[in-house]
Amino acid sequence: MKIAATFENGTIFGHFGHTRQFKVYDVEAGKVVGERVVDTNGSGHGALAGFLADLGVDTLICGGIGAGAQNALAEAGIRLYGGVTGSADEAVKALLEGKLTYDAEVHCDHHDAEHQGGHCGEHKQECSCH
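The present account deals with the structure reproduced in this document.

Analysis parameters
- Residues numbered from 1 in each chain as written.
- Predicted model: local features only at pLDDT ≥ 70, side-chain atom pairs only at ≥ 80, totals over all residues.
- Heavy atoms only, no water.
- Helix = DSSP H or I, 4+ residues; strand = E, 2+ residues; numbered from the N terminus.
- Contact = heavy atoms within 4.5 Å.
- Areas by Shrake-Rupley, 256 points an atom, 1.4 Å probe, with all protein chains shown as cover.
- Phe/Tyr/Trp six-rings, centres within 6.5 Å; stacked < 30°, edge-to-face > 60°.
- Buried < 20%, exposed > 50% of the residue type's maximum accessible area, 1.4 Å probe, protein only.
- Pairing = 2+ DSSP bridges.

### Some details on the overall build of the protein chain
Okay, so step 1: The secondary structure content of the protein chain amounts to 3 helices and 6 strands.
Okay, so step 2: Ordered by position from the N terminus, the helices and strands of the protein chain form the series β-β-β-β-α-β-α-β-α.
Okay, so step 3: Summarising the internal contacts of the protein chain: among those between residues at least 6 apart in sequence, 50% fall at separations of at least 24.
Okay, so step 4: A total of about 6,500 Å² of accessible surface is found on the protein chain, and carbon and sulfur atoms cover 44% of it.

Here it is in structure tokens:
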């Protein structure tokens, strides 16, 4: 299993499509056996699912995420755990223990110029704060 988490300063970054880094965890027998931080190199919404698939990722933990990105992840065979906040390492640990709190209905559907803060995951559902 290979898990990726949107990543910024040790925490889950709030918006999948704007993340600049992922922390990628290699998991064997239910335990993390390797981890690394990878830069997205400017890849945006549409390219990130392919970027993760190329890394061999099969599971993603993130904050907010739009419907198009969700569809792209599904097409790539990547399981999604969205609406997550807090420490990336703790989220992965909770997932492996079957205790991760996430929102199966998470989505963010405002992608206008105001939306640069990367905070959609804080709302855990439809982000309509602007």
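### Re the packing of aromatic side chains
Okay, so step 1: Applying the stated criterion to the full structure yields 3 aromatic pairs.
Okay, so step 2: The interplanar angle of 55° and the centroid separation of 6.1 Å between the aromatic rings of F16 and F22 together place this pair among those described as tilted.
Okay, so step 3: In this structure F16 comes out as buried when scored by relative accessible area, which is 1%.
Okay, so step 4: A relative accessible area of 0% means that F22 is categorised as buried.
Okay, so step 5: Members of the aromatic cluster, connected to one another through ring pairs, are F16, F22 and F51.

### Thoughts on the environment of L95
Okay, so step 1: Mapped onto the fold, L95 is located in helix α3 (residues 88-96).
Okay, so step 2: Looking at L95, the relative accessible area reads 14%, which means it is buried.
Okay, so step 3: With 14 residues separating them in the primary sequence, L95 and Y81 have C-alpha atoms 9.0 Å apart.
Okay, so step 4: Setting aside residues no more than four positions away along its own chain, L95 makes contact with I3, T59, I61, Y81 and L100.

### Notes on the pairing of strand β4 (residues 31-39)
Okay, so step 1: In terms of strand pairing, strand β3 (residues 21-28) meets β4 through 8 bridges, oriented antiparallel. For V27, the partnering residue across the bridge sits in β4 and is V32.
Okay, so step 2: Remark: 2 residues form the turn of the hairpin made by β3 and β4, two consecutive strands paired antiparallel; A29 in that turn has positive phi of roughly 55°.

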